[in-house]
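# Descriptive analysis of the structure
Okay, here's what each chain looks like letter by letter:
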Amino acid sequence: MELYICKSCGHVAFNGKPEQCPVCAAYIFERNDAVFKEAAEKSGEASIKHIPAVTVNTSCGFIPENDCIDILVRIGATLHPMEEKHFIRFIDCYSDSVYVGRSYLSPGLNPAACFHLKTKGKSVTLVEQCTIHGYWMTEEMIPEQ
Ligand SMILES: [Fe+2]
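First things first, this report covers the structure right here in the doc. (Residues numbered from 1 in each chain as written. Predicted model: local features only at pLDDT ≥ 70, side-chain atom pairs only at ≥ 80, totals over all residues. Heavy atoms only, no water.)

With that out of the way, let us pick up helix α1 (residues 35-42). Within α1, burial applies to Val35, Phe36 and Ala39. Considered in projection along α1, the buried side chains sweep an arc of 100 degrees and stay on one side of the axis. Exposed residues lying more than 90 degrees from the buried face of α1 are Lys37 and Glu41. (Buried < 20%, exposed > 50% of the residue type's maximum accessible area, 1.4 Å probe, protein only. Helix = DSSP H or I, 4+ residues; strand = E, 2+ residues; numbered from the N terminus. Arc of directions from axis to C-beta.)

Below is the structure:
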């Protein structure tokens, strides 16, 4: 898989090199197909605290008047710390590998986010960046409604 990282905001693009970053509008990308492998190899035992743990709720109670799938994500199965120098900087959400949104985090928040998806994709991908341990991702199939 060809992976391109935005040099400005750290966004990871899955579908080839984007013209412009969909998060921060920058134009400079660096190709690194091994960005997830590198993190896992550097700190394999850390995976339980870094791999996004996802709950998919196909009927949103918060926005019942519109099609909405809740993507609830926490980092990770064992909660990642949120300390001054070691925290989860952001969680990016993709529907069928296309970027749909970002949640910026800080040490004042829990390492978690909720995305209210309008799209009816077959899969959802979550990418997180840890300030110390780099990039981690997970992909979930969305159940048929
Ligand atoms: Fe970490």
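Glancing now at the coordination of the iron ion. Within the protein, His50 (NE2), His80 (NE2), His86 (NE2), Cys130 (SG) and His133 (ND1) serve as the donor atoms for the iron ion, at 2.1 to 2.4 Å. Read in sequence order, the donor residues coordinating the iron ion give the pattern H-x29-H-x5-H-x43-C-x2-H. Here His50 is found in helix α2 (residues 47-50), whereas its partner His80 is found in the loop between β5 (69-75) and β6 (88-95), with 30 residues between them in sequence. An identical accessibility class is assigned to His50 and His80; each is buried. (Donors = N, O, S within 2.8 Å, 3.2 Å for Na, K, Ca; no water.)

Turning next to the pairing of strand β7 (residues 98-104). The sheet contact formed by β6 and β7 spans six bridges and is antiparallel. Following the sheet pairing, Tyr94 is matched in β7 by Tyr99. (Pairing = 2+ DSSP bridges.)

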